[in-house]
Amino acid sequence: MTVGMFERIVPRAGEEASEEYVETQRAQLIAINAALMAARLPAFVEPADEVTAYGSFEGHDFWFGRASCDHHFSRVLRELGQLDPSCRHLSLLSQAGEHDIVFVPIAFESPIAFADSVSSEHRLVGSSLTLLGEMVAVAPRLGILLDGEDLRDETAVAMNDAQPIEPQYPEAHDLGSGWLLVFEGARSSRLRGTALRFC
């Protein structure tokens, strides 16, 4: 099973989505903001519709930052989430494929509980800023060489070339390609002020 990574909580105007789904996502954003404000944090405001990480990189079109795709196998994301229990925001990915996992570009130490608008169960929202730091922290365990806290473009190209995402070969995917996807999502969230949602 694959899990998609999205830049928004509420779909952009004009995206293919039912009115019911859009309203559900708006309710989720309201619930997340209520939880953030209860924790004395600012509310999250989605940026303008045209703000996006999708574009060209190294001659390839429609990449998500420097990642060749915007989805990955739930198994790989769950394994990433289990790499280091002290990485509390990264640990949210251990539930990939079970329900939406949301990160917002606001700094806070521990994930914050909110009432899910669909199930009425309590879910956790994470900080994409803290997640980015945790991705940097676990990179050496995966043999990923960083330039300080960033990834060189040529390293991203080599990682994409080594692990193309092909659904017919799920066993071929290591954690490196999953790491790159999450890292690029968190990096884009910090740069552009976008949310990060896995579903």
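Above this text is the structure in question.
Given the structure is predicted, the values throughout are model-derived calculations rather than measurements.

Okay, the nonpolar core next. Among the nonpolar cores identified, the biggest contains 33 residues, and Leu90, Phe103, Leu131, Leu151, Trp179, Val182 and Phe198 are the most heavily contacted of them. At the level of elements, strand S1 (2–6), helix H2 (74–81), strand S5 (101–104), helix H3 (128–138), helix H4 (153–162), helix H5 (175–192) and strand S8 (196–198) are the ones that each hand at least two residues to this core. Take this core: its biggest share by element is 7 residues, from H5. Once residues lying within four places of it in the same chain are set aside, the contact partners of Leu151 are Arg66, Ile144, Leu145, Leu146, Ala156, Met159, Trp179, Leu180 and Phe183. Core analysis: the next-biggest nonpolar cluster, separate from the first, contains 18 residues, Leu29, Ile32, Leu36 and Phe114 among them.

A word on H2. Three or more residues of H2 are buried, namely Ser74, Val76, Leu77, Leu80 and Gly81. All buried residues of H2 lie within an arc of 160 degrees about the axis, which places them on one face of the element.

Here the focus is the pairing of S5. Judged by which residues are buried, S5 turns out to be covered on both faces: Ile101 and Phe103 on one side and Val102 and Val104 on the other are all buried. The pairing of S5 with strand S7 (residues 122–127) spans 3 bridges and is classified as parallel. Pairing of Val102 across the sheet is with Val125, part of S7.

We now examine helix H1 (residues 19–38). Its 20 residues give H1 an end-to-end C-alpha distance of 29 Å, which sits within 8% of 28 Å, the value for a rise of 1.5 Å per residue. For H1, the complete set of buried residues consists of Val22, Gln25, Gln28, Leu29, Ala31, Ile32, Asn33, Ala35 and Leu36. Turning to H1, the residues buried within the fold contact S5, strand S6 (112–115), S7 and S8. Backbone geometry just after H1 places Arg40 at a positive phi near 65 degrees.

Turning to the pattern of salt bridges, a few remarks are in order. Following the criterion strictly, the structure yields 8 salt bridges and no others. Where Glu23 meets Arg26, a salt bridge forms, and the shortest distance between an N and an O atom there is 2.6 Å. Taken together, the residues Glu23 and Arg26, both in helix H1 and 3 residues apart, mark about one turn of the helix. Residue Arg75 pairs with Glu79 through a salt bridge whose shortest N-O separation is 3.2 Å. Placement of both Arg75 and Glu79 in helix H2 is noted, with a separation of 4 residues, approximately one turn of the helix. Given the relative accessible area of 31%, Arg75 is considered partly exposed. The exposure class assigned to Glu79 is partly exposed, which follows from its relative accessible area of 32%.

Right, let's get into the packing of aromatic side chains. Counted according to the given criterion, the structure contains 2 aromatic pairs. When the centroid spacing of 6.1 Å and the interplanar angle of 85 degrees are considered together, the rings of Phe103 and Phe198 count as edge-to-face. Of the two residues, Phe103 sits in strand S5 while Phe198 sits in strand S8, which places them 95 residues apart along the sequence. Note on Phe198: relative accessible area 1%, which makes it buried. Between Arg197 and the ring centre of Phe6, over which it is positioned, the NZ or CZ distance is 5.1 Å.

With that settled, consider the packing of H3 against H5. It is the contact of H3 with H5, at a shortest axis distance of 9 Å, that shows an interaxial angle of 140 degrees. Judged by the twist between their axes, the crossing of H3 over H5 is left-handed. On H5, the residues touching Ser128, Leu129, Leu131, Leu132, Met135, Val136 and Val138 of H3 are Trp179, Val182, Phe183, Ala186, Arg187, Ser189 and Arg190. A class-by-class count of the residues in the contact of H3 with H5 yields 10 nonpolar, 2 polar and 2 charged.

Rules behind the numbers
- Residues numbered from 1 in each chain as written.
- Predicted model: local features only at pLDDT ≥ 70, side-chain atom pairs only at ≥ 80, totals over all residues.
- Heavy atoms only, no water.
- Core = buried A, V, L, I, M, F, W, Y, C linked by side-chain atoms within 4.5 Å.
- Buried < 20%, exposed > 50% of the residue type's maximum accessible area, 1.4 Å probe, protein only.
- Helix = DSSP H or I, 4+ residues; strand = E, 2+ residues; numbered from the N terminus.
- Contact = heavy atoms within 4.5 Å.
- Arc of directions from axis to C-beta.
- Pairing = 2+ DSSP bridges.
- Expected span 1.5 Å × (residues − 1).
- Salt bridge = Lys/Arg side-chain N within 4 Å of Asp/Glu carboxyl O.
- Phe/Tyr/Trp six-rings, centres within 6.5 Å; stacked < 30°, edge-to-face > 60°.
- Lys NZ or Arg CZ within 6 Å of the ring centre and 35° of its normal.
- Axes fitted to C-alpha atoms, helices over the stretch in contact; angles between N-to-C directions.
- Left-handed = near helix turned anticlockwise from the far one by under 90°.
- Nonpolar A, V, L, I, M, F, W, Y, C, P; charged D, E, K, R; others polar.

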